[in-house]
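# Structural features, examined
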Amino acid sequence: MNISIWIIPILIAFVLVYGTLKRVPTYESFVEGGKEGLSIAISIVPYLIGMMVAISVFRASGAMAFVSDMLKAPLDMIGVPTEIVPLALIRPISGTGALAMTTDIIRTYGPDSFIGRLASTMQGSTDTTLYILTVYFGAVGIKRMGNALKVGLLADLVGIIAAIVFVTIVFG
């Protein structure tokens, strides 16, 4: 039996039965949740537009290429491929952009190459920090996110370094 096909319907049925047994108006609760979800979606649109504009400006201005060029010499000295720098820069900003870059790296170098494995590992060991802060903090109205930004970017840096270290150790 393939449990992955049944887990979501079973979970939904469990919630409905449990709510009904507890005398919760399940349909009305569902509709109310849908209204809340719609209002949250509308409230975060300006934050998403701002983030998309910032990503476009970062890429179109040449800032990404500039940073990549600045890091080329030090990364070459420690044996880290510079082809991975754009992915490391865009991953905290945009999940979709990072996925497109990872796909391009894998298409160019192959999934079993060192760079392909490193890109895949970086994709899985980091997160879209700026996107998360923009959407979630914007949705609940938090304006001061300095400490969360610092911790999130530090976690991304640790994820990138860990990916490089572990892929080098395992696949060297």
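Placed above this text is the structure.
We now turn to the structure provided with this report. All values derive from a computational prediction rather than experimental measurement.

Turning our attention to the packing of aromatic side chains. Counting across every chain of the model gives one aromatic pair. Summarising the aromatic geometry, the rings of F14 and Y18 are spaced 5.9 Å apart at their centres and angled 20° between planes, so their arrangement reads as stacked. Placement of both F14 and Y18 in helix α1 (residues 3-21) is noted, with a separation of four residues, approximately one turn of the helix. On the basis of relative accessibility, which here comes to 52%, the residue F14 falls in the exposed class.

Residues I84, L87, I90, I105, L118 and M122 are the most contacted members of the largest nonpolar core, which totals 22 residues. Among the secondary structure elements, those contributing two or more residues to this core are α2 (26-60), α3 (63-78), α4 (85-90), α5 (95-109), α6 (114-125) and α8 (146-171). Residues within four places of I105 in sequence aside, it is in contact with E83, I84, L87, G110, I115, G116 and A119.

Conventions and cut-offs
Residues numbered from 1 in each chain as written. Predicted model: local features only at pLDDT ≥ 70, side-chain atom pairs only at ≥ 80, totals over all residues. Heavy atoms only, no water. Phe/Tyr/Trp six-rings, centres within 6.5 Å; stacked < 30°, edge-to-face > 60°. Helix = DSSP H or I, 4+ residues; strand = E, 2+ residues; numbered from the N terminus. Buried < 20%, exposed > 50% of the residue type's maximum accessible area, 1.4 Å probe, protein only. Core = buried A, V, L, I, M, F, W, Y, C linked by side-chain atoms within 4.5 Å. Contact = heavy atoms within 4.5 Å.

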